[in-house]
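A structural walkthrough
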Amino acid sequence: MMLHAPQCSSTMTAPIFRDENISRERMLAITAAHPRVAVFESCILDGGDFSRLDMDGFRFEHCSLAGTNWLAASLEESHWHKCRGGQCDFSSAQLSDSRFDHCDLNNSYWRRATLSSVQFQSCKLTGAHLQEVSGWALEFSECLLVSADLRGLSFRKAQLEGMDFSDADLSGCDFRDAVFTGGSLRNAQTRLTRFEGADLRDADISGLNVMDAKHFRKTVISHRQAAAALAAFGLIVA
């Protein structure tokens, strides 16, 4: 069912597709008729193959995306709000200037995706695979990245608010000069991870080897965190 969008500046001419089951064939017809302007509300795309389609500028609201395939799709300036997309695959997709708000994207795949200026706000990304992504100014806030694979990702100078990296693979990541506001690095894998100049005072760093001077030079931690770190090496702070 296709409805006309409400009269507003951002979606004045955008058609709204509501409560539909969207197949690849349906999406092909929509992209041909409405390039860059389609809005999907409460649609079901589960298991769909949308690989290599051009969906720049599309909006997805309250959609179900479980197991969808977006391999090498063009999704620049797309917006995703309260979507559920467990095990969806965005590998090699073009997603620059996109935004994900309050989405459940657990166990999703993003390998080699282009994520320049992409924003993730209050998203569940537990078990997500984000290794080898490219781009700059990638932003995360209040996200769950528990047990995620983030190898080689750069968070340099980032303001990291409420980020849970517990048990994540952060090997080779760059957190230089990053500031943590809350959040957790508990038991994260940090082989060759750089924390020079980072402020970790407000984060849970249990299980993190902050005694590795090479990668923690000028890192700021609290007295309580320092005592816990020394205690992990059998030292007693009196």
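One numbering rule holds for all chains: residues counted from 1, following each sequence as written. Given that the model is predicted, a residue must reach a pLDDT of at least 70 before its local features are reported, and side-chain atom pairs must reach 80 or more before they are shown or counted; all residues, however, enter totals for whole chains, interfaces and linings. Hydrogens are left out, water is left out, and the side-chain values use all remaining heavy atoms of the structure.

**A look at the overall build of the protein**
Selection rule: Going along the chain from the N terminus, every DSSP run of H or I of four or more residues is numbered as a helix, and every run of E of two or more is numbered as a strand. Categorising residues by exposure relies on relative accessible area from a 1.4 Å probe, with only protein chains included: less than 20% of the type maximum marks a residue as buried, more than 50% marks it as exposed, and the intermediate range marks it as partly exposed. Contacts between residues were defined by any pair of non-hydrogen atoms, one from each residue, lying within 4.5 Å. Note that accessible areas follow from Shrake-Rupley with a 1.4 Å probe, and for residues the cover is restricted to the protein chains shown. His is not counted, nor are the chain ends; Lys and Arg add positive charge and Asp and Glu add negative charge. Each charge is placed at NZ for Lys, CZ for Arg, CG for Asp and CD for Glu.
Within the protein, the regular secondary structure consists of two helices and 10 strands. Element order for the protein, N to C, with α for helix and β for strand: β-β-α-β-β-β-β-β-β-β-β-α. Here the C-alpha coordinates of the protein stretch approximately 70 × 30 × 25 Å along the principal axes. When each of the 238 residues of the protein is scored for burial, the buried share is 47%. For the protein, the share of sequence-separated contacts (at least 6 apart) that also reach a separation of at least 24 residues comes to 6%. Just so you have it, the protein exposes about 11,500 Å², and 49% of that area is on carbon and sulfur atoms. Across the protein, the centroid of the 24 positively charged side chains sits 6 Å from that of the 30 negatively charged ones.

**Examining the layout of surface pockets**
This is how it is decided: Using protein atoms alone on a 1 Å grid, points that fit a 1.4 Å probe yet trap it form a cavity, whereas open point sets bounded by protein on both sides within 12 Å along at least five of seven lines form a pocket; residues with an atom within 4 Å of a point count as lining. Grid points are joined across faces, edges and corners, and a volume is the space filled by probe spheres set on the points. The classification used treats Ala, Val, Leu, Ile, Met, Phe, Trp, Tyr, Cys and Pro as nonpolar, Asp, Glu, Lys and Arg as charged, and all other residues, Gly among them, as polar.
In this structure, the second largest pocket occupies an estimated 150 Å³ of space. Around the second largest pocket, the lining comprises 13 residues; the ones closest to its centre are G135, W136, A137, L138 and S154. Taken together, the residues of the lining of the second largest pocket break down into eight nonpolar, four polar and one charged.

**Quick notes on the nonpolar core**
The condition that has to hold: Working definition of a nonpolar core: buried Ala, Val, Leu, Ile, Met, Phe, Trp, Tyr and Cys residues. They are joined through side-chain atoms within 4.5 Å.
Counting residues in hydrophobic clusters, the biggest one holds 65 residues, and the most contacted among them are F40, W70, F100, W110 and F165. With sequence-adjacent residues up to four places away left out, F165 is seen in contact with L145, L150, F155, L160, L170, F175, F180, S184, L185, R186 and A188.

**A word on the pattern of salt bridges**
Put simply, the test is: We define a salt bridge as a contact between a side-chain nitrogen of Lys or Arg and a carboxyl oxygen of Asp or Glu at a distance within 4 Å.
Applying the stated criterion across every chain yields a total of 15 salt bridges. Across the pair R26 and E20 runs a salt bridge whose closest N-O atoms are separated by 3.0 Å. Taking the shortest distance from any N to any O, the salt bridge between D199 and R201 comes out at 2.7 Å. When its relative accessible area of 15% is taken as the criterion, D199 is described as buried. When salt bridges with common partners are traced through the structure, they connect R36, D56 and E77 into a single cluster.

**Brief notes about the environment of V39**
Of note, V39 is situated in strand β3 (residues 39-41). Residues V39 and A228, 189 residues apart in the sequence, show an inter-C-alpha distance of 51 Å.

**Details of the pairing of strand β2 (residues 15-18)**
Counted only if it meets this: For two strands to count as paired, DSSP must find a minimum of two bridges between them. Crossovers are marked right-handed if the path from the first strand over the helix to the second runs clockwise, as seen with the strands pointing away from the viewer.
Bridge count between β2 and β3: three bridges; the pairing is parallel. Its bridge partner lying in β3, I16 is registered against V39. Following the chain from β2 across helix α1 (residues 24-33) to the adjacent parallel β3, one finds a crossover that is right-handed.

**Digging into the side chain of S171**
Its location among the elements puts S171 in the loop between β9 (159-161) and β10 (179-181). In this structure S171 touches R151, G152, Q189, R191 and T193, once residues within four positions along its chain are discounted.

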